[in-house]
Amino acid sequence: MQGKTADSDSARAAVECDVLVIGAGLVGAGFARALRSSGLRTLLLDAEVPAEPSQDGGDSRIYAISPGSKDFLDQCGAWGRIASERIACVEAMQVFGDAQGAEIIFSAYDCAIPELCYIVEGREIQQALAAANAEPGGPARLFGHSPVALALGEEGVLVDLADGRSIDARLVVGADGMNSWVREMAGMEHSVRAYGQQGVVANFETELGHESIARQWFVSGGVVALLPLPGNRVSLVWSTSDAHAARLLAHEPHDFEHEVATACRHALGAMRLVTLPRSFPLHLLRVAQTVRPRLALLGDAAHVVHPLAGQGLNLGFQDACELARVLRERGPQDDCGDHRLLRRYARARRETVAAMQWTTDGLQRLFATRAYGASWLRNTGLQFTNAIVPLKNILIEHALA
Ligand SMILES: Cc1cc2nc3c(=O)[nH]c(=O)nc-3n(C[C@H](O)[C@H](O)[C@H](O)COP(=O)(O)OP(=O)(O)OC[C@H]3O[C@@H](n4cnc5c(N)ncnc54)[C@H](O)[C@@H]3O)c2cc1C
C-alpha cells in the first residue's frame, strides 16, 4: 500500500496498517512523512481532496516558520522543494505598543543567527509535503473519504469509513484540526474559549520596501502584523473583534487598504491589495490528555493558540517531530499503540504547549483590555523587556524552537 494515491486499486484494498493518521493538513502530512524510516506501515486519511494549485496572486494563508520547523521540513524532504523565491527571510522583528516609544526589537544580527524565521505561503508548504509523501517509501494516502466510527480495542483500533470500508490499525493519530473528529469520538476532555476575534488576512504590495522586518502593532482591541513576503509584498494578519472584522471585510478595497495603512502608521507607505481579504475565528483550545491507549493527538487537534505570536503551526510541527521520534526509537518488539510509549510523547510536549498557551493568552488579554492601568503596564512591559537583554534572549529562544 506504500506510496499509492486514493484512486489506486492497492490503496482501495488497504484496510490494515500500523499507524492511521487522520487529517492530512500541514501537521498530519509532515508527521506521516517523518515516519518514513520507522518501519511502520502508515496510512494518511483526509476527508477532503487537496485543491489544485491555482495561478492567482498568492495564498493569503501564510505562516511564520521557525528555524526549528524549517529543520523539520528539511528532514521531511519538503523544505528544498519550496522555490527560494517564494520564501521571505525575517531578519528583524519590531513590536509596537499603543503608547509613544513603547517598542521592542528583536534582531537576527544581535542573536548571531542568519534569520529569525521564514514567511511562506501555506499552499507552498502543503504542496511540498504532498510531493515528499508521494515518493517511494511514503505513506499510503486516502483522500476524500470520511471516517464515521472509531473503536479503540486492546489490540488495535478499527475505523469505519462512510463508503463501508474499515481500517484496522495499531495506532490512530488525530491530526484533524481544531474540531477534531478523533478527539470527539474518543470522548477526550477539552475546553474551548472563543476570543470573540477574527484573524483578518490579506496580501499587499507596498510603496516602501519591508527590509526583511516583520512588524507588529498592538492597537486598541487587537494586534496588526505585517509580515514580509518576497519582493515588495507583505502579508497582513489583523486580530480584531468579530464586529470590526465584519466591517473590514465589507469595505471596498480602497477603504480596506487605507484602514490597514493607518493602523500600521503608514510604515510602508501606500498599500495595494493583491489577494481578497479573508477571516478566521480565533480560539484558545486546551486538551486535558493528548494520548490514550492506541491514540495520540497532534497539532490543532491537541492545542489551539492565539496567532499573535505566529506559533500554532510551529507547535504542531514540534508535536509531529516528537511523536515520530518516540515511535522510531521504540524497541523492535514494541507496539506503536502502547500507552507507555505514547505517554513519553505527551510528557515531552506538555510544558512547551502550556507555556505557549499561557503566554499568548496573557498577551491577548493584556492588549485587549481597557482596564485602568493596563495600558501603562503593557507599554512599560515592552520598554522594560526591550532593555533587558537576557529576557529578550529567552523570548527569542522560544520563538526559534
Ligand atoms: C489568522 C491565523 C494566522 C496564523 N499564523 C500562523 C503562523 O504564522 N505560524 C504558525 O505557526 N501558526 C499560525 N497559525 C496557526 C495555524 O494555522 C494552525 O496551528 C495550523 O494550521 C494547524 O494545522 P493542523 O494540520 O493541525 O490542522 P488543520 O490545518 O486544521 O488540518 C486539519 C486537516 O484534517 C482534515 N480533517 C478534518 N476533519 C476530518 C475528518 N473528520 N476526517 C478526515 N480528515 C479531517 C482537514 O481536511 C485538514 O486537512 C495561524 C492561525 C490563524 C487563524
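Please refer to the structure placed before this passage.
Residues numbered from 1 in each chain as written. Predicted model: local features only at pLDDT ≥ 70, side-chain atom pairs only at ≥ 80, totals over all residues. Heavy atoms only, no water.

Novice: Would you take a moment to explain the pairing of strand β5 (residues 92-96) for this structure?
Specialist: Side chains on a regular strand alternate between the two faces of the sheet. Counting buried positions along β5 gives four out of five residues, so the element sits mostly inside the fold. One ladder, built from five bridges, connects β5 with strand β6 (residues 103-107); its direction is antiparallel. Bridge pairing in β6 links Met93 to Phe106. Counted between consecutive antiparallel strands, the loop separating β5 from β6 contains six residues, among which Gly101 sits at a positive phi close to 85°. Relative to strand β14 (residues 213-219), β5 is paired through five bridges, and the arrangement is parallel. The residue bridging Met93 from the neighbouring strand is Ala214, located in β14. (Buried < 20%, exposed > 50% of the residue type's maximum accessible area, 1.4 Å probe, protein only. Helix = DSSP H or I, 4+ residues; strand = E, 2+ residues; numbered from the N terminus. Pairing = 2+ DSSP bridges.)

Novice: Mind showing me how you'd approach the packing of helix α2 (residues 26-34) against helix α4 (residues 122-133) here?
Specialist: Packing of α2 against α4 leaves a shortest axis separation of 10 Å and a crossing angle of 30°. Viewed along their axes, α2 and α4 adopt a mutual orientation that is roughly parallel. Considering only the axes of α2 and α4, their crossing is left-handed. Touching Leu26, Ala29, Gly30, Ala32 and Arg33 of α2 are Gly122, Ile125, Gln126, Leu129, Ala132 and Asn133, all from α4. Counted by class, the contact of α2 with α4 contains six nonpolar, four polar and one charged residues. (Axes fitted to C-alpha atoms, helices over the stretch in contact; angles between N-to-C directions. Parallel < 35°, antiparallel > 145°, perpendicular 65-115°, else oblique. Left-handed = near helix turned anticlockwise from the far one by under 90°. Contact = heavy atoms within 4.5 Å. Nonpolar A, V, L, I, M, F, W, Y, C, P; charged D, E, K, R; others polar.)

Novice: Teacher, can you tell me more about the pattern of salt bridges here?
Specialist: When their charged atoms lie close together, side chains carrying opposite charge are able to pair. Under the counting rule described, the total for this entry stands at 19 salt bridges. Glu205 is the salt-bridge partner of Arg233, the closest N and O atoms lying 3.4 Å from each other. Of this pair, Arg233 sits in strand β16 (residues 233-241) while Glu205 is found in strand β13 (residues 190-206), placing the two residues 28 residues apart along the sequence. Overall, the relative accessible area of 25% leaves Arg233 in the partly exposed class. The salt bridge partner of Glu322 is Arg325, with a shortest N-O separation of 2.6 Å. Linking Glu322 with Arg325, this pair stays in helix α8 (residues 312-328), spanning three residues, or about one helical turn. Using a relative accessible area of 16% as the deciding quantity, one classes Glu322 as buried. The class of Arg325 is partly exposed, set by a relative accessible area of 32%. (Salt bridge = Lys/Arg side-chain N within 4 Å of Asp/Glu carboxyl O.)

Everything listed here is a matter of geometry and, on its own, says nothing about what the molecule does.
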